[in-house]
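This is what each chain is made of:
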Amino acid sequence: MGRILSFAALIGMIKDKASQGKAALVSSNPTSKSHTFHLSVLRATTHDPKTPPGNRHLDVLLSAGTGSRATAASAVEAVMDRLHTTKDACVALKSLIIVHHIVKHGRFILQDQLSVFPASGGRNYLKLSGFRDEKSPLMWELSSWVRWYALYLEQLLSTSRIMGFFVSSTSSTIHKDEYEEMVSSLTNNDLLREIDALVGLLQEACKIADVPFCGGKPLADMITRLVGEDYVSSVNELHTRLNEFKDRSNILSFGDSFELVCALKRLESCKERLSVIFHGKRAWIDGFWGLVREVKGMIGGLEDSYEQIGRRGKGYESARFTDRLVIGYGDTVRFSSGRFSNVDRFNYPVSSRTLC
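Attention here is on the structure that accompanies the text. All of these numbers come straight from a predicted model, not from anything done at the bench.

**A short note on the nonpolar core**
Alright, step 1. Judged by nonpolar contacts, the single largest core of 90 residues is most densely connected at Tyr 149 and Leu 260.
Alright, step 2. For this core, the element with the most residues is helix H7 (residues 137-163), which contributes 13 residues.
Alright, step 3. Once you skip the residues sitting within four places of it in the chain, Tyr 149 turns out to touch Leu 93, Leu 96, Ile 97, His 100, Ile 223, Leu 226 and Val 227.

Shown next as structure tokens:
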């Protein structure tokens, strides 16, 4: 006997069939690329909490990166329209998963279109900080995932802009020696800005919502896997930059040293939570935390100064970190020549597109 559908699940299935049928009927050109992308988005973002977006539909959307800028723009527009018009938590989560896949696996032209959408930009770039779906206990739980995941992806885009490339992107590689030479050419100011951004991304990852109690685990598992791969990439980037600061430890100014201590303290505050979320990577990550301790030890007594300022409640953040991301019309992620990287210093395998 087949499983008995709940009333909410039945309504979701009817909505999926209706929206896909409507899209097929009203299109003036059913063979156009925009129509194909629209249908693929609808089929990838069903109301079923047990089925993450399928690889076949994701591949159709990622193929927009092989076409013109207009083609890439139509694919991104289809995803964003779905995200911003739905009131269903499952649909919103699946739309955000597509955005994450574009960041990770899309070609530059597709990623670039994502970086300029929408025109308003700002902290609420994905416009989901107030998302609520109260149809059921499960939808209420998944709503917290929607709000956190949108904030996380905003931080990922912000970090990518500061870094000059999309963090964890698999679309391009660079030779290890060339990459390390590029990092060594950065100023202390640039290195600190990048470390600050990467630490901020890991801090946002630590806020991941609890696994839904009422269901939706397949969606939560897929998101956790994607964020885990970002974690690997972020640690690789941090490792290279901390090694560079280790080489420069004897010539750092007091201000640079102090800012580095601040960043490392924030990073260490994430350690326990990250080890719980991504527990399968414990042996691999031990070397990184050892480097963090080593760099802190080389800097010396500045940690005490950090603690004193913290106890006074004044906090500290350099003005060099105050210009945060505001994505506006015509504003793109800026890429510097030769700064694409998929280096895995710890030889941890970053999985391919087939993540379902």
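The structure having been displayed, the exposition proceeds.
**A closer look at helix H3 (residues 55-62)**
Alright, step 1. Of all the residues in H3, the buried ones are His 57, Leu 58, Leu 61 and Leu 62. Projected down its long axis, H3 shows its buried positions confined to an angular sector of 140°, all on one face.
Alright, step 2. Each element contacted by the buried residues of H3 is listed here: helix H2 (33-44), helix H4 (69-85), helix H5 (89-105), helix H6 (108-115) and helix H10 (217-248).

**So, the packing of aromatic side chains**
Alright, step 1. Per the stated rule, a full pass over the model turns up five aromatic pairs.
Alright, step 2. Each ring, one from Trp 145 and one from Trp 148, has its centre 5.9 Å from the other, and the planes form 85°; the classification is edge-to-face. Of the two residues, Trp 145 and Trp 148 both sit in helix H7, three residues apart, roughly one turn of that helix. The two residues Trp 145 and Trp 148 agree in class, both being buried.
Alright, step 3. Taking the centre distance of 5.8 Å and the plane angle of 15° together, the rings of Trp 148 and Tyr 149 count as stacked. Side by side, Trp 148 and Tyr 149 carry an identical accessibility label, which is buried.
Alright, step 4. Cluster of aromatic residues (ring-pair linked, three or more members): Trp 145, Trp 148, Tyr 149 and Tyr 152.

**Brief notes about the pattern of salt bridges**
Oppositely charged side chains can form a pair if their charged atoms are brought close together.
Alright, step 1. All told, the structure shown has 13 salt bridges when counted by the stated rule.
Alright, step 2. The shortest N-O distance in the salt bridge between Lys 207 and Glu 204 comes to 3.7 Å.
Alright, step 3. Given a relative accessible area of 6%, Glu 204 falls into the buried group.
Alright, step 4. Notably, a salt bridge pairs Glu 237 with Arg 241, separated by 2.9 Å at the nearest N-O pair. One end of the pair is Glu 237 and the other is Arg 241, both in helix H10 and four residues apart, which spans about a single turn.

Thresholds applied
- Residues numbered from 1 in each chain as written.
- Predicted model: local features only at pLDDT ≥ 70, side-chain atom pairs only at ≥ 80, totals over all residues.
- Heavy atoms only, no water.
- Core = buried A, V, L, I, M, F, W, Y, C linked by side-chain atoms within 4.5 Å.
- Buried < 20%, exposed > 50% of the residue type's maximum accessible area, 1.4 Å probe, protein only.
- Helix = DSSP H or I, 4+ residues; strand = E, 2+ residues; numbered from the N terminus.
- Contact = heavy atoms within 4.5 Å.
- Arc of directions from axis to C-beta.
- Phe/Tyr/Trp six-rings, centres within 6.5 Å; stacked < 30°, edge-to-face > 60°.
- Salt bridge = Lys/Arg side-chain N within 4 Å of Asp/Glu carboxyl O.

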